[in-house]
Every structure is written in C-alpha cells, then in structure tokens.
Amino acid sequence: MKDVAAEAGVSLGTVSNVLNRPEKVSARTREQVQSAIDRLGFVRNDAARQLRSGANQSVGMIVLDVGNPFFTDLAQSAETRLGELHRPLILGSSGQDPVREANYLDLFESQRVSGVLISPVGQVQERLRQLRRRGIAVVVVDRRLGSGEFPSVGVDDLLGARLAVTHLVQGGRRRIAFVGGSPELSQVRRRLAGAQAAAAESGLDATVEAIRTDTLDATAGRRAVEALLDRSPSRRPDAIFAANDLLALGVLQGLTLAGVAVPDEMAVVGYDDIEFASSAAIPLTSVRQPRDALGQVAADLLLEHIADPDVEPREVILEPELMIRLSSTTRSG
C-alpha cells in the first residue's frame, strides 16, 4: 500500500479509503489510485487485514447436497444478493453427513466469516449458539429448528405435500407411496406428514405408505422402485410421491426400465421443480419451491443480523406451487 501511495502521489490513508471506504474519496482520486494499483499489480492481503481488524466480509453457506440443482440454484441466488454488497460466498456441501457439517462450521469459525447460512443435517443448535456468541450471524435455510432463536426462511412443506397428494387422489389414486430420505431431516418429516394428512382428509380411503431411502438422489429412487415392483401387483402403489425431484427422476427411470406405463399404471410427483423436471422424457409433475426468493430472503435476513445482532429473529415461510405435467395426468385424461 505504501508503494501504491507513492506511485499515485497520495497518502497511505487515501489508499486505504479507496480500498475500504471508496465513497469517502473523489472519483478523480479513486481513478488515480486504481491506475497505480494496476501499474504495480498490487493485490491486498485480506488475511492480514482480517487479523488486524478481526472482521471478514465473507459468508459461509452449508447445503445438504451441492449435486442437487435445487441447492445449487439456492446458493446462486444468495450469492447474487450478497455480491451486491461485496460479500463473497464460501459454499460447502454436508452431503447429509453431520461430521462434514461440523467440519465446515469449524472452518467458517476459524476464517472469522461474518455470517453463516445453513440447511442443517442434525441437531446443531448449540454449535450455532457458539458461532453467535463469537459474533457470527446465523440464518437457517430450508428448515425450521423449532426454537425460534435463529432467523430462518423456508417453504411450507406441509402445504406442498398436501397439494401433491390432493392432486393424486383427485386423479383416482388411492395407494400412494412416499419415497423419502431419512426422517431425521425435517423437510422429509413435514412432507410425509402433509401427504398423510391430505390422504386422511380426502374421505376416499386413500393411504400414504412411507418408503425410507438412505439418500435423496436418483439412485435411491431407482432402488425404491425395484423394491416396490418386487411386490405382487395388488400390493403395489398406484402413485409415488417423492421427497425431491432427484428421487422422482430415479423413480421415473426405474419404472420406464421395468416397462411400467407412467402415468397410466403409476403416477409420479416430485418436489422442488428443478430445471430437469420439465425436460424429462416424461415431464415430471412437481411441487415448485421459490428457489430465487429463498436465497434472496436468506441473504437479507443474514445481512439484517450482521448489521444488528440484537434484532428479533424472524421466520419467513414462502408458499409452494404445484406444477402439473404428464407424469401424473389423471386416468380420465
């Protein structure tokens, strides 16, 4: 910075203002300093700056599965919003593994990030409290911890599941299999609960059977189908509601390979409405989550708590929408 100041013919304080508080410097001086930076090839040492100030503008984010386009889009939306305020996003994927999740939280704490966005795997309240005590803001994304002590943003999963199962029942389906992941994930629990409530309230003897999967990907969806098709025809479901679209796409693939006609013999509905849902060989009916809004609201909540750590935590719940496509067309057409 001293070299830049000498090259530009300004004080060291002016260079510091250009880098950290550019609004305090005239446009002409900023151009003068930036030209000196370009000529010298100066790159500031953010690590050293953070050690001196104890501050880091970066934000850490932990999602359940970066391979799922839903979480990729969610992270991109948050990154765009944070980028408007020059806060870089560091993305980590827990892979639904509590150990990996803990390792990322340790990393973000050691890096002194200003905030953390997290879709938790397990019970992490105490760990998040520790981050907050150290001055790191926390926002829970796509999940509710129940305590209300952390700001959060999510989608009404009970409503989304109700929309899906009501649609299936109205289409003449009575034996519905809910193919989901671990019930330890609140998203899975709530979607199953909403599905079962909708079936019970239909008054049409509809049932929802829970089929647990170890993961939430297409491979797990194909394996679930193989197990269901091993049953006698009378014990097979006539519809499958999957906890997310990756599972649903695996289900579609498994049914197609087995020669099961979709939707005539078995209807399929997914959750998330990722881009691949509408472009599948059999376009997939899916519950759309407003991914862009989720990411933007999550970022705004975090910025709110970075600016004022004592502000009252808010819980924002967004509404889903059912996108009806060929995979669940009613039997009557």
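The structure contained in this document is the topic of the report that follows.

Conventions we followed
- Residues numbered from 1 in each chain as written.
- Predicted model: local features only at pLDDT ≥ 70, side-chain atom pairs only at ≥ 80, totals over all residues.
- Heavy atoms only, no water.
- Core = buried A, V, L, I, M, F, W, Y, C linked by side-chain atoms within 4.5 Å.
- Buried < 20%, exposed > 50% of the residue type's maximum accessible area, 1.4 Å probe, protein only.
- Helix = DSSP H or I, 4+ residues; strand = E, 2+ residues; numbered from the N terminus.
- Contact = heavy atoms within 4.5 Å.
- Pairing = 2+ DSSP bridges.
- Axes fitted to C-alpha atoms, helices over the stretch in contact; angles between N-to-C directions.
- Right-handed = clockwise from strand over helix to strand, strands pointing away.
- 1 Å grid on protein atoms, 1.4 Å probe; cavity = no way out; pocket = protein on both sides within 12 Å on 5 of 7 lines; lining within 4 Å.
- Points joined across faces, edges and corners; volume = space filled by probe spheres on them.
- Nonpolar A, V, L, I, M, F, W, Y, C, P; charged D, E, K, R; others polar.
- Salt bridge = Lys/Arg side-chain N within 4 Å of Asp/Glu carboxyl O.
- Parallel < 35°, antiparallel > 145°, perpendicular 65-115°, else oblique.
- Left-handed = near helix turned anticlockwise from the far one by under 90°.

## A short note on the nonpolar core
Argument step 1. One finds Leu117, Val165, Phe241 and Leu255 to be the most contacted residues of the largest nonpolar core, which totals 76 residues.
Argument step 2. A per-element tally of this core places helix α11 (residues 245-257) first, with seven residues.
Argument step 3. The residues contacting Leu117, other than those within four sequence positions of it, are Val59, Gly60, Met61, Ile62, Ala78, Val139, Val141, Ala298 and Leu302.
Argument step 4. Counting 14 residues, the second-largest nonpolar core is a separate cluster that includes Val113, Val124, Val140 and Leu145.

## Observations regarding the side chain of Gln125
Argument step 1. Considering the arrangement of structural elements, one finds Gln125 in helix α7 (residues 125-133).
Argument step 2. Other than its neighbours up to four places away in sequence, Gln125 contacts Leu145, Glu149 and Phe150.

## Re the sheet that holds strand β9 (residues 267-272)
Argument step 1. Strands sit in the order β7-β6-β8-β9-β10-β12 across an open sheet of six strands; the sheet is mixed. A single partner strand is all that each edge strand has here, and the edge strands are β7 (207-212) and β12 (321-323). Taking the axes of each pair of neighbouring strands and ignoring which way they run, one obtains an average angle of 20° across the sheet.
Argument step 2. Bridge count for strand β6 (residues 175-180) against strand β8 (residues 239-242) is four bridges, and the pairing is parallel.

## A word on the pairing of strand β3 (residues 115-118)
Argument step 1. Of the two faces of β3, the one carrying Gly115 and Leu117 and the one carrying Val116 and Ile118 are both buried.
Argument step 2. When strand β1 (residues 59-63) meets β3, the two strands line up parallel, connected through four bridges. Residue Val59 lies in a different strand from β3, and its bridge partner there is Gly115.
Argument step 3. Note: β3 against strand β4 (residues 137-141), four bridges, orientation parallel. Counted as the bridge partner of Val116 is Val138 from β4.
Argument step 4. The handedness of the β3 to β4 crossover, carried by α7, is right-handed.

## Side note on the sheet that holds strand β5 (residues 152-155)
Argument step 1. With respect to topology, six strands assemble into an open sheet ordered β2-β1-β3-β4-β5-β11, the strand pairing being parallel. What marks the edges here is a single partner per strand, and that holds for β2 (89-93) and β11 (315-318). Between one strand and the next, the sheet's axes are offset by a mean angle of 15°, whatever the strand orientation.
Argument step 2. By the bridge criterion, four bridges tie β5 to β11 in an arrangement that is parallel. Across the sheet, residue Ser152 finds its bridge partner in β11, namely Glu315.

## Let's talk about empty space enclosed by the protein
Argument step 1. The full count for this structure, using the stated rule, is two cavities of 30 Å³ or more.
Argument step 2. Each pocket or cavity is described by its volume, and for the largest cavity that value is around 150 Å³.
Argument step 3. Together, 16 residues line the largest cavity, and Leu64, Phe71, Arg191, Leu216 and Asn244 are the ones closest to its centre.
Argument step 4. Listing elements by their share of the lining of the largest cavity, those giving two or more residues are α5 (69-83) and α9 (186-201).
Argument step 5. With three residues, the single largest contributor to the lining of the largest cavity is α9.
Argument step 6. For the lining of the largest cavity, the per-class residue count stands at seven nonpolar, five polar and four charged.
Argument step 7. Taken as a whole, the second largest cavity spans an internal volume of roughly 60 Å³.
Argument step 8. Looking at the second largest cavity, the residues that line it are Asp142, Arg143, Arg144, Gly154, Val155, Asp157, Ser186, Gln187, Arg190 and Ile317.
Argument step 9. Here the lining of the second largest cavity takes three residues from α9, the largest share from any one element.

## Observations regarding the pattern of salt bridges
Here the idea is simple: oppositely charged side chains can pair when their charged atoms come close.
Argument step 1. Taken as a whole, this structure holds 17 salt bridges when the rule is applied.
Argument step 2. A salt bridge links Arg134 to Glu109, with the shortest nitrogen-to-oxygen separation between them at 2.4 Å. Highlighted residues: Arg134 in the loop between α7 and β4 and Glu109 in helix α6 (residues 98-110), separated in sequence by 25 residues.
Argument step 3. Owing to a relative accessible area of 57%, Arg134 belongs among the exposed residues under this scheme.
Argument step 4. Its relative accessible area of 17% is what places Glu109 among the buried residues.
Argument step 5. Linking Arg129 and Glu126 is a salt bridge whose minimum nitrogen-to-oxygen distance equals 3.0 Å. Here Arg129 and its partner Glu126 are both found in helix α7, three residues apart, which amounts to about one turn of the helix.

## Digging into the packing of α5 against helix α13 (residues 291-307)
Argument step 1. One can describe the packing of α5 onto α13 by two numbers: an axis separation of 7 Å at closest approach and a directional angle of 45°. Here α5 is positioned oblique relative to α13, judged by the angle of their axes. The interaxial crossing formed by α5 with α13 has right-handed handedness. Contacts between α5 and α13 involve Phe70, Asp73, Leu74, Ser77, Ala78, Arg81 and Leu82 from the first element and Arg291, Asp292, Leu294, Gly295, Gln296, Ala299, Asp300 and Leu303 from the second.

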